Amino acid sequence: MALLSLRFAAVILLAGAAVATPCASITAPAVPGATVLSVVASELLNVTLPPVLFYLPVGASGLNVCDVKVNLTHPGVNDNVLVQVWLPLEGWNGRFLGTGGGGWATGSGSIGLAGAVMANFSGAMTDGGHANSLLDPSTWALNSDGSINSGLLTDFASRSLHDMTVVGKAVTKQFYGKAPSYSYWSGCSTGGRQGLMEAQKYPGDYNGILAASPAINWPSLIMAAQWPQVVMQQEKTFPPQCVFDGFIAASIAQCDILDGVKDGIIGDPGSCPFDPYKLVGSSVNCDSTEITVTYAMADIVRKVLDGPTDVIGRQLWYGLNAGTPLNALALTVPGPHGTTVGVPFTISDFWIRYFLKRQPNFNTSTITYLDFSMLFAQSNLEYENVIGTNDPDLSAFSSAGGKMITWHGLADPLIPPDGTLQYRQQVDNFMGGSSSVDKFYRVFFAPGVGHCGMGIGPVPTAGLDALVAWVEKGIAPDTLAAAGTDANGAATTKNICRYPLVSRYDGKGDPKSAASYSCASSFTRT
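A quick note: this is a predicted structure, and the numbers were derived from the prediction, not measured.

**Observations concerning the overall build of the protein**
For step 1, the next point in the chain: When helices and strands are counted, the protein shows 14 helices and 18 strands.
For step 2, the next point in the chain: C-alpha extents for the protein along the principal axes are approximately 80 × 65 × 50 Å.
For step 3, the next point in the chain: Taking the contacts inside the protein whose residues are at least 6 apart along the sequence as the reference set, 67% of them involve residues at least 24 apart.

**A few points about the packing of aromatic side chains**
For step 1, the next point in the chain: Using the criterion set out here, one finds 28 aromatic pairs in the structure.
For step 2, the next point in the chain: Both rings, one in F54 and one in Y55, keep their centres 5.1 Å apart while their planes meet at 85°; by these two values the pair is edge-to-face. Note on accessibility: F54 and Y55 belong to one class, buried.
For step 3, the next point in the chain: Ring geometry for W104 versus W140: centroids 6.0 Å apart, planes at 75°, classification edge-to-face. Placement of the pair is W104 in the loop between β4 (95–99) and α2 (110–118) and W140 in the loop between β5 (122–126) and α3 (150–176), with a sequence separation of 36 residues.
For step 4, the next point in the chain: By relative accessible area, which is 0% here, W104 ends up buried.
For step 5, the next point in the chain: Among the aromatic side chains, those forming a connected cluster through ring pairs are W104, W140, F156, W218, W351, F355 and Y383.
For step 6, the next point in the chain: A cation sits over an aromatic face here: R193 above F156, 5.5 Å from the ring centre.
For step 7, the next point in the chain: Stacked on the ring of F350, the Lys or Arg R353 has its end atom at 4.5 Å from the ring centre.

**Notes on α3**
For step 1, the next point in the chain: Between its first and last C-alpha, α3 extends 37 Å over 27 residues, near the 39 Å set by a 1.5 Å rise per residue.
For step 2, the next point in the chain: In the structure, α3 departs most strongly from a straight axis at F156, where the bend amounts to approximately 65°.
For step 3, the next point in the chain: Counting buried positions over the 27 residues of α3 gives 19, a clear majority of the element.
For step 4, the next point in the chain: Two residues or fewer past α3, G177 is found with a positive phi of approximately 85°.

**Concerning unusual backbone geometry**
For step 1, the next point in the chain: Each neighbour pair has its own omega, and for Y499 with P500 the value is 10°, a cis peptide bond.
For step 2, the next point in the chain: Structurally, P500 can be placed in the loop between β16 (491–497) and β17 (502–505).
For step 3, the next point in the chain: Its identity is not glycine, yet S213 carries a phi of approximately 40°, on the positive side.
For step 4, the next point in the chain: You will see that K236, though not glycine, has its phi angle at about 55°, which is positive.
For step 5, the next point in the chain: Tracing the backbone shows K236 in the loop between α6 (227–235) and α7 (241–255).
For step 6, the next point in the chain: The exposure class assigned to K236 is exposed, which follows from its relative accessible area of 70%.

**Here's the deal with the state of the cysteines**
Covalent bonding between the sulfur atoms of two cysteines defines a disulfide.
For step 1, the next point in the chain: Taken as a whole and judged by the stated rule, the model has five disulfides.
For step 2, the next point in the chain: Two residues share a disulfide in this structure: C188 and C452, whose sulfurs sit 2.0 Å from each other. Around the S-S axis, the bridge from C188 to C452 shows a dihedral of about -105° and counts as left-handed. Placement of the pair is C188 in strand β6 (residues 182–188) and C452 in the loop between β13 (441–446) and β14 (459–460), with a sequence separation of 264 residues.

**Looking at the confidence of the model for the protein**
For step 1, the next point in the chain: When the pLDDT values of the protein are averaged, the result is 95; 96% of them are 70 or greater.
For step 2, the next point in the chain: Here residues 8–18 scores under 50 on pLDDT; set against residues more than four positions off or in separate chains, the count is 17 contacts.

**What about the sheet that holds β14?**
For step 1, the next point in the chain: Strand order in the open sheet formed by three strands is β14-β15-β16, and the pairing between neighbours is antiparallel. Bordering the open sheet on either side are β14 and β16, each of which pairs with just one other strand.
For step 2, the next point in the chain: Pairing of β14 with strand β15 (residues 479–485), which is carried by two bridges, proceeds in the antiparallel orientation. Bridge pairing in β15 links P460 to A482.

**Re the packing of α3 against helix α4 (residues 190–201)**
For step 1, the next point in the chain: Where α3 contacts α4, the axes come no closer than 10 Å and their chain directions differ by 75°. In terms of axis orientation, α3 runs roughly perpendicular to α4. Within the contact between the two elements, α3 uses F156, A157, S158, L161, H162 and T165 and α4 uses T190, R193, Q194, M197, E198 and K201.
For step 2, the next point in the chain: Taken together, the residues of the contact of α3 with α4 break down into four nonpolar, five polar and three charged.

**Considerations on the packing of α6 against helix α8 (residues 295–306)**
For step 1, the next point in the chain: The geometry of α6 relative to α8 is characterised by a closest axis approach of 9 Å and an angle of 155° between their N-to-C directions. Classified by the interaxial angle, the pair formed by α6 and α8 is roughly antiparallel. For the pair α6 and α8, the crossing hand works out as right-handed. On the side of α6, the interface is formed by W227, P228, V231, M232 and E235, while α8 contributes I300, K303 and V304.

**A look at the nonpolar core**
For step 1, the next point in the chain: With 63 residues, the main nonpolar core has W104, W218, M223, F247, W351, F355 and Y383 as its most contacted residues.
For step 2, the next point in the chain: When contributions to this core are tallied by element, the ones reaching two or more residues are α3, α5 (218–224), α6, α7, β8 (283–286), α8, α9 (346–356) and α10 (369–387).
For step 3, the next point in the chain: Counting residues per element, this core draws most heavily on α9, which supplies seven residues.
For step 4, the next point in the chain: Setting aside chain neighbours within four positions, we find W351 in contact with W104, W218, I222, M223, L356, S379 and Y383.
For step 5, the next point in the chain: Of all hydrophobic cores here, the second largest spans 44 residues; its members include V81, L89, F175 and V427.

**Some words on the pattern of salt bridges**
For step 1, the next point in the chain: Per the counting criterion, the structure on display carries 13 salt bridges.
For step 2, the next point in the chain: For the salt bridge of D478 with R442, the shortest nitrogen-to-oxygen distance reads 2.9 Å. Taken as a pair, D478 in the loop between α14 (463–473) and β15 and R442 in strand β13 lie far apart in primary sequence, 36 residues in all.
For step 3, the next point in the chain: Here the salt bridges share partners, and the residues they tie into one network are R424, D428, D438, R442, D478 and R498.

Rules of the game
Residues numbered from 1 in each chain as written. Predicted model: local features only at pLDDT ≥ 70, side-chain atom pairs only at ≥ 80, totals over all residues. Heavy atoms only, no water. Helix = DSSP H or I, 4+ residues; strand = E, 2+ residues; numbered from the N terminus. Contact = heavy atoms within 4.5 Å. Phe/Tyr/Trp six-rings, centres within 6.5 Å; stacked < 30°, edge-to-face > 60°. Buried < 20%, exposed > 50% of the residue type's maximum accessible area, 1.4 Å probe, protein only. Lys NZ or Arg CZ within 6 Å of the ring centre and 35° of its normal. Expected span 1.5 Å × (residues − 1). Bend = angle between axes of the 7 residues up to and from the residue. Disulfide = S-S within 2.5 Å. pLDDT = per-residue confidence, 0-100. Pairing = 2+ DSSP bridges. Axes fitted to C-alpha atoms, helices over the stretch in contact; angles between N-to-C directions. Parallel < 35°, antiparallel > 145°, perpendicular 65-115°, else oblique. Nonpolar A, V, L, I, M, F, W, Y, C, P; charged D, E, K, R; others polar. Left-handed = near helix turned anticlockwise from the far one by under 90°. Core = buried A, V, L, I, M, F, W, Y, C linked by side-chain atoms within 4.5 Å. Salt bridge = Lys/Arg side-chain N within 4 Å of Asp/Glu carboxyl O.

As structure tokens, this is what we get:
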């Protein structure tokens, strides 16, 4: 018997039915509101990929899958959206996993798919109808007449996510001869936002959603990402990164112990009283050169930590927590003739140039404080209903039996975790309080953890496993297991407690071990 036939026979036995479809014979699924243009399916053997943060932390090797590519279009939009599905040739666990993207990329490509197959799920991703570029939407943002390509923006924001889910489930059913027993979503950053969009707009798509470091409140947070560069331009001061690092080190030195353990992490940033102005006049060593901290430098740090304000000082959005690296949004590099210049965050820079100004060559370094306030208002006015993804009404998702987990690093240098906190609080207010919401949606804040798992704090490692246990066994997670290495390279573990609880050190055990911590209402022992 041919190798393909042997695998197909195994699939039939695994599915427990005689209606499975060979990989190469998979046909076009029905996708409401869309027209399928093509279906191409073939086997991929011994797939190997390197590790990539959230989606594939340990890499992948030896994967054997049926690779299905479905291209579809939406009438009147003139788009061509790819949905790609990977189906394990052996060991399928009966579950389907939708995977999210990052930055300007609607999907994470083979990285997310490999992660799904590594866990024995069938998995799907979509490119949203455009090149999956993490940083650059220039190929699709504008029409030829300079207007916004609203069709592709809608695909990026929401529509293609639901289409991907419909296609992924249908193809899975064809190949294995039965529908997935459970369907899950997993994504971080843009992928986290997409997960919340699914819960809000398509509440019946998934039984469980893992939405990490979510880029919700997109029109606000994407403008907030530009704020540090506006501040430096307006103050005509561009501190070298070593100076910013000095402020970060000072904040950690002051506030590290607030959570009861000295580990190089600010575990309780909300209580940190760090005052950058106290460093004025001190010196920072930058490559053997002593640089004196000025008031203007301290003022920039204060404004970055406080977050953007309008021209009369009213807060527009959240800033970064003390102890968070500033080399993402407040990036500076050596310029000509011994100067230092600012480098804007690419994702927010493109947002302003393409989606707000509609001028690809617009120079964002010319933005004044007044300009910023006006652009912030424009961003929310024009795009909140398209991509805001902060609807607190999750009643349909809850009624459908859905469960959702969000975790967010407290040292995230790109997406302020206070935005996630605000959203959870809004859901609480809308849906009857924290105890009611905890029945289907739990949030976990990870001290010292950066964006989607960077940083030196222990990173949640089994969020999807916790979600599966909640959905299928009713075991609601009070903690998420986390692991990492500290600043000295030593292994650390911790159990990240569900909001509003915190992981409190017992004062006597190994501070690098999860066994020395328990969940409590505060870090203070009475």
